[in-house]
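# Coordinate analysis (summary)
So you can see what is in the structure, the chains are spelled out below.
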Amino acid sequence: MSVTVYARVPEVFSVSGKDDAVEVFNLSNVNFGRLWRLLGLDFSADGTLAGVALLDLQQAVDFVLEVFEAAPDIDRGLPVTADLGAHGALWIDCGLRAGYFRERLRQLKPAVDRAVAAKGSLYWC
């Protein structure tokens, strides 16, 4: 499963009146959750994302990206792990390379900035 994140902004010269989706990127459900928690955001008890204002998200992205740019060694990635689950099932997490979250924040930033500037919205599905 994966999550696609995109900004939806009103088209400037729209004949149809439909919105224009821009700045799309995709990541796994697990890594989407990790990225959201890194930004200080969390999911509610029922598994949905807790509400967050777009300007607050923009500030969080800018802040964490600044930290990663200033101290790139912080974004060390995650190691590969293997755990035994129920009935002997082997659960393998392939980990993440160093710099992964910085790269994803660089992809998220234009989408958030565009949505804020155009008074649009940020969507994920």
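Further up the page is the structure itself.
Below or above, wherever it landed, is the structure these notes cover. (Residues numbered from 1 in each chain as written. Predicted model: local features only at pLDDT ≥ 70, side-chain atom pairs only at ≥ 80, totals over all residues. Heavy atoms only, no water.)

## Some remarks on the overall build of the protein chain
- The number of helices and strands found in the protein chain is three helices and five strands.
- For the protein chain, with 125 residues in total, the buried portion stands at 30%.
- Intrachain contacts of the protein chain at a sequence separation of at least 6 include 58% that bridge at least 24 residues.
- If you sum the accessible surface of the protein chain, you get close to 7,900 Å²; carbon and sulfur atoms cover 57% of it. (Helix = DSSP H or I, 4+ residues; strand = E, 2+ residues; numbered from the N terminus. Buried < 20%, exposed > 50% of the residue type's maximum accessible area, 1.4 Å probe, protein only. Contact = heavy atoms within 4.5 Å. Areas by Shrake-Rupley, 256 points an atom, 1.4 Å probe, with all protein chains shown as cover.)

## Remarks on the packing of helix α1 (residues 29–38) against helix α3 (residues 100–117)
- Between α1 and α3, the least distance of the axes is 11 Å, while the angle of their chain directions is 80 degrees. As the angle between them shows, α1 and α3 are arranged roughly perpendicular. Taking contact as the criterion, the partners of Asn31, Arg34, Leu35, Trp36 and Leu38 in α1 are, on α3, Tyr100, Phe101, Arg104, Leu105 and Leu108.
- Grouping the amino acids of the contact of α1 with α3 by side-chain chemistry returns seven nonpolar, one polar and two charged. (Axes fitted to C-alpha atoms, helices over the stretch in contact; angles between N-to-C directions. Parallel < 35°, antiparallel > 145°, perpendicular 65-115°, else oblique. Nonpolar A, V, L, I, M, F, W, Y, C, P; charged D, E, K, R; others polar.)

## Overview of the layout of surface pockets
- Approximately 180 Å³ is the volume attributed to the largest pocket.
- Elements supplying a minimum of two residues to the lining of the largest pocket: α1 and β4 (90–93). (1 Å grid on protein atoms, 1.4 Å probe; cavity = no way out; pocket = protein on both sides within 12 Å on 5 of 7 lines; lining within 4 Å. Points joined across faces, edges and corners; volume = space filled by probe spheres on them.)

## Overview of the environment of tryptophan 36
- Its location among the elements puts tryptophan 36 in helix α1.
- Taking the C-alpha atoms as reference points, tryptophan 36 and alanine 60, 24 residues apart in sequence, are found 9.9 Å from one another.

## Overview of the environment of valine 64
- By the secondary structure assignment, valine 64 is in helix α2 (residues 54–70).
- In this structure valine 64 comes out as buried when scored by relative accessible area, which is 11%.
- C-alpha separation for the pair valine 64 and arginine 102, spaced 38 residues apart in sequence, amounts to 8.5 Å.
- Non-local contacts of valine 64, meaning those with residues more than four positions away in its chain, are made with Leu38, Leu39 and Leu105.

## Examining the nonpolar core
- Grouped together as the largest cluster of nonpolar side chains are 25 residues, with contacts concentrated most on Val5, Trp36, Leu39, Leu57, Leu105, Leu108 and Leu122.
- Of all elements in the fold, only β1 (2–10), β2 (19–28), α1, α2 and α3 reach the threshold of two or more residues within this core.
- Per element, the largest residue contribution to this core is seven residues, and it comes from α3. (Core = buried A, V, L, I, M, F, W, Y, C linked by side-chain atoms within 4.5 Å.)

## Considering a nonpolar patch on the surface
- Among the surface-exposed residues, Val80, Leu84, Leu90 and Ile92 lie close enough to one another that they form a single nonpolar patch of about 450 Å² accessible area.
- On the secondary structure map, isoleucine 92 appears in strand β4. (Patch = residues over 30% accessible without salt bridge, like charges linked within 9 Å, V, L, I, M, F, W, Y side chains within 5 Å. Salt bridge = Lys/Arg side-chain N within 4 Å of Asp/Glu carboxyl O.)

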